[in-house]
Each structure stands twice: as structure tokens, then as C-alpha cells.
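Examination of the molecular architecture
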Amino acid sequence: MTVKAPYGSWPSPITPGTLTSRTVRLSQVRVDGADTYWVEQRASQAGRQVLLRRDGAGQVGEVLPLTPSDELVDTRTRVHEYGGRAYAVDSGIIVTSHAGDSRLYRYDVAHRMRGLVPLTVFGDVRHGDLEIDTARGFVYAVREDHRGPGEPVSSLVAIPLDGSAARDDDAVVTIASGTDFVSSPTLSPDGEHLAWITWDHPAMPWTSTRLHVADLSREGVLGEQVVVAGGEGVSVAEPRWTEECELVHVSNESGFWNLYRTEGFPRRGTNREGWTSRLRTRPLHPKQATFSTPAWNLGPHSYDVLDGEHLIASWAADAVWHLGTVRLANGELEEWPTAWQPIGNVASSSTGRVVMLAGSEVCLPAIVEVQDGQVEVLRGSGEFHPEHTGVSFPEPMEWPTSDGHKAYGFFYPPASCTHEGPEGELPPLVVNVHGGPTANARPGYDLVIQYWTSRGFAVLDVNYRGSTGYGSDYRRALDGRWGVVDADDCADGARHLISLGLVDPARVAIRGSSAGGLTVLSALARTDLFSAATSRYGVTDLALLARTTHKFESRYVQTLVGAQDLDDPVLAERSPINHVDQIHAPLLLLQGSEDPIVPQQQATAMLEALRAKGLPVAIEVFHGEGHGFRLAANIRRAMEAELSFYCQVWGITPADEDLTPVTVENLHP
């Protein structure tokens, strides 16, 4: 029998500690024969990213030994600051980037006593998006060289696997250069061709890219080459070779990221003259669905080659992800119905094993293997059992926007096995804003969302205009209007729930991180709907961001707000720091002291402005943290502070007896 108690005051087994001590973050799933590899980010180890392997016998363990300097390997790269594909594996040969010194290392699983072999020099040079070429003795990599003045230089390089470049950087061979960015080196199965992607400012990898293919000599030098796809306004992603040496890629030429196939590449021993003119590219399965994700991180892997006739692919329709096969001959798509959604890499081995990072409505994210319609969990992300807490299931929502369009999201009502709200009371609402802003909210079991719903809060996870998963037009709808339509879509979503009688109109909060923080602050300035807000390392000054942010997105701000240059007054006009007089809701600021993307001064400037106005405001600065919190204690404290903040603002007595309150200035003048 359930107990009636005010919404927001319910006891919950999902504590701030649950998010760190009992869970890890999984990513970068790859397969190598019978072995499965992945990276675990462990908040309990100061956010270290650990490379693990599950062998064919089912044994799981950390695979890499200590570095020559006796450091634990942190499998992470800072290319583009956001990193991504930080290791590669081929036939038991592993090449990894170690965040501790930014060097690449080689490791041979079959010869463990050799230990880690350094491949690159010390210095401010970063590598990622690795592709191993054992026949030539190279690993191809995206190099980001920070040693010179101005912006770091990006290039595609070939690094000897014998370790000679660890002593002499001149041993590194530059394969492709001259563009602002490069990614996705991909070697054909016969070793005859290399594919890669480039783009230039002001484009982002999801707006305009080019897919290149070139002959590759036995010495690793490019020969004849051609741009296969892409160009102005067309995003090409995830090049991957089939067993027959045909090139598959994803392109949004149709308005959705769909799969394409390019045929006609000469095989070894055949006539190569004029091969670039004989290539033919066709769509594999035209569909109003997206078969990839925006490449904020290196190495997205949304599909793979299953066998000589099929791809194994994941795709999203209205932000809900699916898994299935695509026949190479005619593009026929067959969905594999499971209770799991792909939420990360999908990988297949030469033996037809299908492994993916997946989530469901009742389970924490896990690495699963799918075979004959059955799902086997190879590695879960935690020991928490949701069924003992009560699960809030996502309800797809769409609502009219104030300017006559539509926005989307997922609504999570309060849920508990032990408690329910009193008759006549409506729950408080927390509107969650994803970052990016080019990203999306996906339905599924998310501990952060369930942290709120299990206490009696409702959550609206918003896919405002600009989100991916709904086609290119929906994503482009944010261009020139960042801080306007995204903020309005969030407010309109909350109003929609209020009109349905699902939430308390007097208790509506909005929270977001990074770009989502800008949406939060913009929403506070544009409407009085919200009575509380949390900005986690959120952007407050767009002009400052445009001038100080890193190379990867240094021109993106201008595109999003429609600025002609860094002196365009629209940057100041859209900056929340310049609209403090329009903000009336209590605000919590959570910020890392070493954030290279949104410096601490942006948060402290907002604090001082709100303090001077006499508004309720609180701040927690986490020393040593960057853009996002990695240390377990800081992750716990951030969630604890946010719960305390809402409870103080709304007069809720929390059930968490050991909750350390955050100090809210000017709350009760």
C-alpha cells in the first residue's frame, strides 16, 4: 500500500551517490573477432576512462598495463576538446591515446610482457579517430597540433607502429592537410584505398563536409583521389567499406541522414586508370529517419558491415532508435525487434556478432549482444535495479509553439513503488534541456531523470527546434535564432503540460548544461513561467564565447545567432548576461573552475549581476573540473545542491535526511 505525501518529498533509493558509486558510463564499443572492447568512465576514479575487454570465454578485465611512467591509462583524447574515438583494435593489436600525456601507445594482447610501446612524442599534440594498418605498419590518426601560434593545425597522419616516431616526430607522415578539420580515416579491406572526411570554417561536421577517397601506395602515400560526396549544405558521415570494397556512408542530401553506397572502386590487380570517373553512388534505403548522429565526438559508429550482403544499422524516427539489417543489393530494411534501443556504437565482427551500446525503459544502459532475436547483456553500467524503485516511463509529446510550429519531447510523470501525491495536488515540473545545442533527448531509463521522478517531480525532456532526429529542416530551424526558439519551445512545452492539468503551474523549473544552460537563461529572460532554474556551466555571454572558445566550434556561435562577425551587436543582444533586468526567477549556477569552453568568469559575472539586483541566486564552483563534472564527489554534490535548491525555493521538505543545503542568497529578504 502506498503512502500519500507531497510531491517532491518522497524518499527515493536513487541518491546522488547512486549516480557515481554504483554506475559507470559506457562508450566506444568495438569488436575484434570473439573479443568485445569498450571504454568505461568511472567517476569513482576521478573520471578515468578505462579500456576493458570481454574475451570469447566471457572473462572481463581491464586490458592495458601501466604506462612506462607507471600511470594508469586514461583512454581519452582531447581532439576537438570533446574527444571521442580514442583507441583502435585490430587482430589483438591495440593503439590508444592516453590523456595523461596525450601520447599514443601500442599494445599487443598476445605479447603482454612487451607492455605499452610509445608511438608519439611528448608535447601538445593530440591524436584520435585511429585506424590501424598492420600491413603497412601504420596507424592513421587525426592529429591536432597545438604547438604553434594561433589555431591548432588539423591533419591526417600515418604514425609508424614500430615506435620510431616516439623519438623523432619527423617519422610521422602527413597524409592530408590544408583543411580546417579532418576526420574518419577508413581503410578498404584490400588496403588499396583510404577514405576520410574534411570540412572548413564556418561549417560543423553536421552542416557541410566532404568525403574523400584516394589510392594508397605501399608506402602510405596518397595517389589519385576524388571527392565522392558532400559539399556546401550537405553533411557526410561514417564512411565504412564493405567486404567487396564498396564504400557506404551517411548523407543528409535528402533532408535526413540516410545510407548511401558507392560502387566501382578498382580491386587489387585490376585496371586502375581513370577509376575516379567510374564511381557510382546511390541511396540504399531512402527514409524519413536518421541513420547517424551529429559528430560532436570523433568516431560515431551507428552502423557496421554485418556480412557480404547486409549492414547492421541503427536509425531514429522521431528520436526513437531502432536496430535492423539493410540489404546491400537493394536496400531492403528489416527491423530486429528487441526491448533495447541503440544509444551508441553498433558493431559487428567478421563472424556476424552484433554488439551495441543500448538502453531500455526499465534497464540502465548496457553493452548487449543480439543473436537470433535474443539479447544477452555483456556488461551493464551499474548494479542498480530500477524495478525496486518504481519506473517513470517516457510518454512522447508534441505541442504547438507560440510561432505556429511544433516542438517535441518526452514526458516522465512522478513514479514510486511506495508513495503517491495527495488528492488535488499537482506535481512540480522540471524541464530538462539537452546540450549541444545540436543533440537530442532520447527516451529510456535515465538515472538523472528517475532521480527526480522517484521523488515526486515530473520531468519534460525537450527536443526543441535545433535537435537532431527529426530531419535537417528541424535542426536548421535554430540557425540564427539560438536563445529564442529553443527557449520558447521549452516554455511552450511546459504550458502544454499545464493546459493538460498534469503539472503545477506555480512550480515549474528549467535546467540545462552548456548550450542547454544558455537556453535556460534565455528562457528566464523571455518569460515569467519558470519559478526556479539551474544552469550547469551554461553560456551567459555569447560575444565572450565566440571570442574565446576552442577551434572546433569557434564559428558555430555566429551561425546559431545569425551574427555577421564578432562585432555584430546581435551577440550582445542574445547574451543572457545583458538581460538580467528581465530575469525574476531564483537561479542556481553550477560551474567547473577549469572549463575551457565556458570559462568560470561567465558564471561569476551572472552571479554578481543577479546579486546586485537582489534576486535569489546560488552558486557552486567545482575546483579542477572542466566542461562537465568527472569527479564522483562533484557529481554527487551538484545533484544534491540542485535538489536542495528546488526544495528551498518551493518550500518542500525533502526526505533526504543527510541533504547538505546549498546557500541561496536573497531567497527570503
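Each value, and the rule that gives it
Residues numbered from 1 in each chain as written. Predicted model: local features only at pLDDT ≥ 70, side-chain atom pairs only at ≥ 80, totals over all residues. Heavy atoms only, no water. Helix = DSSP H or I, 4+ residues; strand = E, 2+ residues; numbered from the N terminus. Rg over C-alpha atoms; globule rule 2.2 N^0.38 Å. Buried < 20%, exposed > 50% of the residue type's maximum accessible area, 1.4 Å probe, protein only. Areas by Shrake-Rupley, 256 points an atom, 1.4 Å probe, with all protein chains shown as cover. Lys, Arg positive; Asp, Glu negative; His and termini not counted. Charge placed at Lys NZ, Arg CZ, Asp CG, Glu CD. Pairing = 2+ DSSP bridges. Axes fitted to C-alpha atoms, helices over the stretch in contact; angles between N-to-C directions. Phe/Tyr/Trp six-rings, centres within 6.5 Å; stacked < 30°, edge-to-face > 60°. Lys NZ or Arg CZ within 6 Å of the ring centre and 35° of its normal. Salt bridge = Lys/Arg side-chain N within 4 Å of Asp/Glu carboxyl O. Parallel < 35°, antiparallel > 145°, perpendicular 65-115°, else oblique. Contact = heavy atoms within 4.5 Å. Nonpolar A, V, L, I, M, F, W, Y, C, P; charged D, E, K, R; others polar. UniProt positions renumbered as here; feature names shortened; annotations may be inferred. Domains from an automatic or database assignment. Buried area = accessible area lost by both parts, 1.4 Å probe. Expected span 1.5 Å × (residues − 1). Polar contact = N/O pair within 3.5 Å; in protein donor to acceptor, adjacent residues only side chain to side chain.

**Some details on the overall build of the protein**
When its secondary structure is counted, the protein shows 10 helices and 38 strands. At 25 Å, the protein has a C-alpha radius of gyration in line with the 26 Å of a compact globule built from 669 residues. With the C-alpha coordinates of the protein rotated into their principal frame, the extents come out at 80 × 60 × 50 Å. Each of the 669 residues in the protein was classed as buried or not, and the buried ones make up 63%. Surface summary for the protein: the accessible area is close to 24800 Å², and the carbon and sulfur share equals 49%. With 55 positive and 85 negative side-chain charges, the protein shows a separation of 3 Å between the mean positions of the two kinds.

**With respect to the sheet that holds strand E19 (residues 247-251)**
Pairing is antiparallel in the open sheet, where four strands are placed in the order E18-E19-E20-E21. Edge positions in the sheet fall to strand E18 (236-241) and strand E21 (280-283), since each of these pairs with one other strand and no more. Here the strands of the sheet are splayed against their neighbours by 25° on average, with no regard to which way each runs. Both E19 and strand E20 (residues 258-263) contribute to a ladder of five bridges, which runs antiparallel. Looking at E20, one finds that Ser 251 is bridged to Asn 258.

**What to know about the packing of aromatic side chains**
All chains considered together, the criterion is met by 25 aromatic pairs. Taking 6.3 Å as the distance between ring centres and 45° as the angle between the ring planes, the aromatic pair formed by Phe 138 and Tyr 140 counts as tilted. Overall, the relative accessible area of 11% leaves Phe 138 in the buried class. Grouping aromatic residues by their ring pairs yields a cluster made of Tyr 82, Phe 181, Trp 199, Trp 206, Trp 296, Phe 552 and Tyr 556. Sitting over the face of the ring of Tyr 303, Arg 240 holds its NZ or CZ atom 4.5 Å from the ring centroid. Between Arg 455 and the ring centre of Tyr 451, over which it is positioned, the NZ or CZ distance is 4.1 Å.

**Some remarks on the pattern of salt bridges**
Pairs can form between side chains of opposite charge once their charged atoms are near each other. All chains considered together, the criterion is met by 45 salt bridges. Note that Arg 143 is salt-bridged to Asp 169, the shortest N-O span being 3.0 Å. Here Arg 143 is found in strand E11 (residues 138-145), whereas its partner Asp 169 is found in the loop between strand E12 (153-160) and strand E13 (173-176), with 26 residues between them in sequence. Arg 143 sits in the buried class, given a relative accessible area of 7%.

**Thoughts on the packing of helix H4 (residues 485-499) against helix H5 (residues 515-526)**
The relative placement of two packed helices comes down to the angle between their axes together with the axis-to-axis distance. Running from amino to carboxyl end, H4 crosses H5 at an angle of 70°, the nearest separation of the two axes being 8 Å. Considering the angle they form, H4 stands roughly perpendicular to H5. Residues Asp 486, Ala 487, Asp 488 and Cys 490 of H4 touch H5, and the partners they reach there are Thr 519, Ser 522, Ala 523 and Arg 526. The residue makeup of the contact of H4 with H5, split by class, is three nonpolar, two polar and three charged.

**Some remarks on the sheet that holds strand E30 (residues 395-400)**
What the eight strands build is an open sheet, ordered E30-E31-E34-E33-E35-E36-E37-E38; its pairing is mixed. With partners counted over all chains shown, the strands left at the sheet margins are E30 and strand E38 (617-622), one partner each. Here the strands of the sheet are splayed against their neighbours by 20° on average, with no regard to which way each runs. Inspection of the sheet shows strand E37 (residues 587-592) paired to E38 by six bridges, in the parallel sense.

**Some remarks on the UniProt feature "domain: Peptidase S9 prolyl oligopeptidase catalytic" (unreviewed entry) in the protein**
Mapped onto this numbering, the UniProt entry annotates "domain: Peptidase S9 prolyl oligopeptidase catalytic" (unreviewed entry) at residues 445-650. In the segment residues 445-650, helix accounts for 44% and strand for 14%; the C-alpha atoms at its two ends are 27 Å apart.

**Regarding the domain arrangement of the protein**
Along its sequence, the protein is organised into domain 1 (39-178), domain 2 (301-383) and domain 3 (386-650). For domain 1 versus domain 3, the distance between C-alpha centres works out to 35 Å. Taken together, the 16 residues of domain 1 in the interface contact 13 residues of domain 3. Summed over both partners, the interface of domain 1 with domain 3 buries about 1100 Å², with 54% contributed by carbon and sulfur atoms. Here domain 1 and domain 3 share two salt bridges between them.

**Some points on H4**
Taking 1.5 Å per residue as the helical rise, H4 with its 15 residues ought to reach 21 Å, and the 20 Å between its terminal C-alpha atoms agrees with that figure. Of all 15 residues in H4, 12 are buried; the element is thus mostly enclosed. The complete set of buried residues in H4 reads Val 485, Asp 486, Ala 487, Asp 488, Asp 489, Cys 490, Ala 491, Asp 492, Gly 493, Ala 494, His 496 and Leu 497. Two residues or fewer after H4 comes Gly 501, characterised by a positive phi angle close to 75°.

**Some remarks on the side chain of Ser 514**
Within the secondary structure, Ser 514 sits in the loop between strand E35 (508-513) and H5. In this structure the side chain of Ser 514 is engaged in a polar contact, spanning 2.7 Å, whose partner is the side chain of His 627. Not counting the four nearest positions on each side in its chain, Ser 514 is found in contact with Arg 536, Tyr 537, Gly 538, Val 539 and His 627.

**Focus on the environment of Pro 205**
Counting through the fold element by element, Pro 205 comes out in the loop between strand E15 (193-199) and strand E16 (210-216). A C-alpha to C-alpha distance of 6.5 Å links Pro 205 and Ser 235, two positions 30 residues apart in sequence.

**Examining the pairing of E12**
When you tally the buried positions in E12, you get seven out of eight residues, the bulk of the element. Here E11 pairs with E12 via eight bridges, running antiparallel. Bridging across to E12, Phe 138 finds its partner in Pro 160. Of the pairings in the sheet, the one linking E12 to E13 comprises three bridges and is antiparallel in character. Residue pairing for E13: Ala 158 is matched across the bridge by Val 173.

**Section: the environment of Gly 592**
Looking at the secondary structure, you find Gly 592 in strand E37. For Gly 592 and Glu 620, which are 28 residues apart along the polypeptide, the C-alpha to C-alpha distance reads 8.6 Å. Not counting chain neighbours up to four residues away, the residues in contact with Gly 592 comprise Gln 600, Phe 622, Glu 625, Gly 626 and Phe 629.

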